[in-house]
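Per-entry structural report
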Amino acid sequence: MEVLLYIGIVVATVAGMEFVAWAAHKYLMHGALWVWHEDHHRPHPEKEGFFEKNDLFFLVFAIPSAASYIIGLNVDGWFWLTFVGIGISIYGAIYFLIHDVYIHRRFSWFRQLDNKYSRAILRAHGHHHAITEKEGAESFGLLVVAKKYFGKRSEWAQADSKP
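Fair warning: this is a prediction, and the values are worked out from it, not measured in the lab.

**Description of the overall build of the protein chain**
Secondary structure summary: the protein chain contains six helices and zero strands in total. The order of α-helices and β-strands along the protein chain, N terminus first, is α-α-α-α-α-α. Here the protein chain holds 163 residues, and the buried ones make up 34% of them. Taking the intrachain contacts of the protein chain between residues at least 6 apart in sequence as the baseline, contacts between residues at least 24 apart amount to 54%. About 10300 Å² of surface is accessible on the protein chain, with carbon and sulfur atoms providing 67% of the total.

**Notes on the nonpolar core**
In terms of nonpolar packing, the biggest core is built from 20 residues, with Tyr91, Ile103 and Val145 touching the most fellow members. Top element by residues in this core is helix 4 (residues 80-103). It accounts for eight residues. Those residues in contact with tyrosine 91, other than ones at most four positions away along the chain, are Val14, Met17, Glu18, Ala21, Leu142 and Leu143.

**Examining a nonpolar patch on the surface**
On the surface, a cluster of nonpolar side chains totalling about 580 Å² of accessible area is made up of Met1, Val3, Leu4, Ile7 and Val11. Secondary-structure assignment places isoleucine 7 in helix 1 (residues 2-32).

**Brief notes about the side chain of aspartate 100**
Its location among the elements puts aspartate 100 in helix 4. Taking relative accessible area as the criterion, aspartate 100 reaches 13% and is therefore assigned buried. Excluding residues that lie within four positions of it along the chain, aspartate 100 makes contacts with Tyr95, Arg105, Arg106 and Phe107.

**So, the packing of aromatic side chains**
In the structure shown here, the tally under the stated rule is eight aromatic pairs. Judged by centre distance (4.2 Å) and plane angle (10°), the ring pair of tyrosine 6 and phenylalanine 83 falls under stacked. Of the two residues, tyrosine 6 sits in helix 1 while phenylalanine 83 sits in helix 4, which places them 77 residues apart along the sequence. Residue classification places tyrosine 6 among the buried residues on the basis of a relative accessible area of 14%. The class for phenylalanine 83 is buried, based on a relative accessible area of 16%. With a centroid separation of 5.3 Å and an interplanar angle of 85°, the aromatic rings of phenylalanine 79 and phenylalanine 83 are classed as edge-to-face. Counting every residue linked through ring pairs, the aromatic cluster contains Tyr6, Phe79 and Phe83.

**With respect to the packing of helix 4 against helix 5 (residues 116-129)**
Put simply, helix 4 and helix 5 touch, their axes get as near as 12 Å, and they point 75° apart. It follows from the interaxial angle that helix 4 and helix 5 lie roughly perpendicular. Residue-level inspection shows Ile98, His99, Tyr102 and Ile103 of helix 4 in contact with helix 5, the latter providing Ser118, Arg119, Ile121, Leu122 and His125. Of the residues that constitute the contact of helix 4 with helix 5, the class distribution is five nonpolar, three polar and one charged.

**Thoughts on helix 4**
Given a rise of 1.5 Å per residue, 24 residues ought to cover 34 Å, and the 33 Å separating the end C-alpha atoms of helix 4 matches this to within 8%. Looking one or two places after helix 4, you find arginine 105, whose phi comes out positive at around 55°.

**Remarks on the environment of alanine 66**
The residue alanine 66 is located in helix 3 (residues 57-74) in this model. Taking the C-alpha atoms as reference, alanine 66 lies 10.0 Å from valine 84; in sequence the two are 18 residues apart.

**Description of the side chain of histidine 25**
Along the chain, the position of histidine 25 falls in helix 1. The exposure class assigned to histidine 25 is buried, which follows from its relative accessible area of 5%. Once residues within four sequence positions are removed from consideration, histidine 25 is found in contact with His30, His37, His128 and Phe140.

About the criteria used
Residues numbered from 1 in each chain as written. Predicted model: local features only at pLDDT ≥ 70, side-chain atom pairs only at ≥ 80, totals over all residues. Heavy atoms only, no water. Helix = DSSP H or I, 4+ residues; strand = E, 2+ residues; numbered from the N terminus. Buried < 20%, exposed > 50% of the residue type's maximum accessible area, 1.4 Å probe, protein only. Contact = heavy atoms within 4.5 Å. Areas by Shrake-Rupley, 256 points an atom, 1.4 Å probe, with all protein chains shown as cover. Core = buried A, V, L, I, M, F, W, Y, C linked by side-chain atoms within 4.5 Å. Patch = residues over 30% accessible without salt bridge, like charges linked within 9 Å, V, L, I, M, F, W, Y side chains within 5 Å. Salt bridge = Lys/Arg side-chain N within 4 Å of Asp/Glu carboxyl O. Phe/Tyr/Trp six-rings, centres within 6.5 Å; stacked < 30°, edge-to-face > 60°. Axes fitted to C-alpha atoms, helices over the stretch in contact; angles between N-to-C directions. Parallel < 35°, antiparallel > 145°, perpendicular 65-115°, else oblique. Nonpolar A, V, L, I, M, F, W, Y, C, P; charged D, E, K, R; others polar. Expected span 1.5 Å × (residues − 1).

Here's what the structure looks like:
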């Protein structure tokens, strides 16, 4: 029974991380930490190198995961927190594979993905990147995609005008 609890913690953490990432993206990356995120919204010539300042957010999300592992494995009564760390790590891997590998093609894997959901993710992220300034962007999540992005770009205005 304990195993089911730990599996549940991992699954809930992975799901919850989508909303944590959404809030961090909207309120931190497009807020006080725009100075780190701005280069991600600008063309990135190869001569500037592989990394962006935006990659520092990897560390921001790695800290609570690492802390969860350390506390969960070393403090009596807090073992369950280890599974929060596992959930954060799994979400981080998913985020890396979808955002950095699939969407931004930083590595040449997953080029063959082509289904309604993967196209919706690309459309939503592309629409987000169409705004190169701190203000005015939408679609801050990664895995939860607004319904309108499953349709054609020409249909988006209609979707935006519906209550």
